[in-house]
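# Observations on the model geometry
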Amino acid sequence: MIKMGDGCRMSEPNSPSPVQRVPHTKPPFTVGELKKAIPPHCFHRSVLRSFSYVVYDLSLVFLFYYITTYFSLLPSSLTVLAWPLYWTLQGCTLTGVWVIAHECGHHAFSDYQWLDDAVGFVLHSSLLVPYFSWKISHRRHHSNIGSLDRDEVFVPKPKSKLSCFSKYLNNPLGRVLTLAVTLTLGWPMYLAFNVSGRPYDRFACHYNPYGPIYSARERPQIYVSNAGIFTVGYVLYRLVLAKGMAWVVCVCGIPLLIVNAFLILITYLQHTHPTLPHYDSSEWDWLRGALVTVDRDYGVLNKVFHNITDTHVAHHLFSTMPHYHAMEATRAIKPILGEYYLFDDTPFYKAIWREARECLYVEPDEGGSEKGVFWYKNKF
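Procedures and definitions
- Residues numbered from 1 in each chain as written.
- Predicted model: local features only at pLDDT ≥ 70, side-chain atom pairs only at ≥ 80, totals over all residues.
- Heavy atoms only, no water.
- Helix = DSSP H or I, 4+ residues; strand = E, 2+ residues; numbered from the N terminus.
- Expected span 1.5 Å × (residues − 1).
- Contact = heavy atoms within 4.5 Å.
- Phe/Tyr/Trp six-rings, centres within 6.5 Å; stacked < 30°, edge-to-face > 60°.
- Lys NZ or Arg CZ within 6 Å of the ring centre and 35° of its normal.
- Salt bridge = Lys/Arg side-chain N within 4 Å of Asp/Glu carboxyl O.
- Buried < 20%, exposed > 50% of the residue type's maximum accessible area, 1.4 Å probe, protein only.
- Axes fitted to C-alpha atoms, helices over the stretch in contact; angles between N-to-C directions.
- Parallel < 35°, antiparallel > 145°, perpendicular 65-115°, else oblique.
- Nonpolar A, V, L, I, M, F, W, Y, C, P; charged D, E, K, R; others polar.

Before going further, it helps to examine helix 2 (residues 47–68). For helix 2, with 22 residues, the first-to-last C-alpha span of 32 Å sits near the 32 Å given by 1.5 Å per residue. Here the buried face of helix 2 lies against helix 3 (76–105) and helix 4 (113–126).

What follows is about the packing of aromatic side chains. Inspection of every chain in the model, using the stated rule, returns 24 aromatic pairs. Chaining the aromatic ring pairs together yields one cluster made of Phe262, Tyr298, Phe305, Phe348 and Tyr349. The ring of phenylalanine 43 is capped by lysine 35, whose NZ or CZ atom sits 5.3 Å from the centre of that ring.

A few words now on the side chain of threonine 311. Assignment of secondary structure puts threonine 311 in the loop between helix 10 (301–304) and helix 11 (312–317). The contacts of threonine 311, once residues within four sequence positions are left out, are Asp295, Ala326, Met327 and Thr330.

We now examine the pattern of salt bridges. Going through the model one piece at a time under the given rule, you end up with 14 salt bridges. The salt bridge involving glutamate 218 is made with arginine 139; its shortest N-O contact spans 3.3 Å. Of this pair, glutamate 218 sits in the loop between helix 6 (172–193) and helix 7 (219–243) while arginine 139 sits in helix 5 (residues 131–144), and the two are 79 residues apart along the sequence. Looking at glutamate 218, the relative accessible area reads 3%, which means it is buried. Here aspartate 344 makes a salt bridge to arginine 354, at a shortest N to O gap of 2.6 Å.

Now for the environment of valine 251. Among the structural elements, valine 251 can be located in helix 8 (residues 245–271). Measuring from C-alpha to C-alpha, the distance between valine 251 and leucine 123 comes to 17 Å, with 128 residues separating the pair along the chain. Dropping the residues within four chain positions of it, valine 251 is found in contact with Tyr65, Trp83 and Tyr86.

Moving on to the packing of helix 7 against helix 8. In a packed pair of helices, the relevant descriptors are the angle between the two axes and the axis-to-axis distance. Relative orientation of the contacting elements helix 7 and helix 8 amounts to 125 degrees, with a least axis distance of 7 Å. With respect to helix 8, the element helix 7 is oriented oblique. In this structure, helix 7 contributes Leu236, Leu239, Val240 and Lys243 to the contact, and helix 8 contributes Met245, Trp247, Val248 and Cys252. Tallied by class, the residues present in the contact of helix 7 with helix 8 amount to 7 nonpolar, no polar and 1 charged.

If you want it as structure tokens, here you go:
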């Protein structure tokens, strides 16, 4: 079920009734009014509490690994079941670790920037994420969300800029292929080649200190990020020599693929919905752009992922707020947001299929007066 505002229900995109869109006009509230509605303690960042989530997640990571050391004692029929269970549990838990590192990048972990960057650098590097490189581009995503001209990631294209073969993928088999490639290769392709990112006038890459994504002042941080990736890569190389490639793939590689898949899935569903607008430079402003996001329900995984899934609207409005206060903040601002707040509890595996079918490109409404407001469409 899709809900807009404080209980106003919307029809599904494939239902006979028309879709009720999120409002695209200037909101009747300000960021200051939203902030006043949130209890002040929600903005308090506790070092001890933040570290408690790191310790909890890493304890689970090491526990799951320790259990694998007994898999060799299992009969082969059970081993076939045990490894996929390990991959799933470890991949989900490591996604939670990824979210904590993401929070460090927003200075939402503690009151100390150096501590946030130290923790985020270690955690993200361990997951083969260039911490500072992505932190910088992600900050620009938050500054320009909803803008077709300046947003950094999952920027929808107008119909005229779709690839020539896009219409041939607009079928069930094509969607399966597209989703499979996106979920497995989307994250490394974005980091290495800026796939699905903002178009630049030259080659853009998160590993290139001299690329168009970064300024001269930011280059030293890119070198540090790359050093973190090379260090973890060397550790993995030594593990391959010591344990073998199969061991590294089973213990580390497949869980990391699951992390990457969830990262793409979560980000895509946070910013892609048939009822959400996008804006060109003639219409965009930061507040309207920040509301171009949707809270989703992932069931028990909401907690595993530290509520990045079901409090993303609040996160885009107040990104330095720690995740453990985001639910309370969301409840506080929902009455003010009203119809500007979008929540969709469609199971994520159904939602990604629907969005892949309905949200192929963006165009202004034909005959509409707002030429700078773009909506998702799927008709070729």
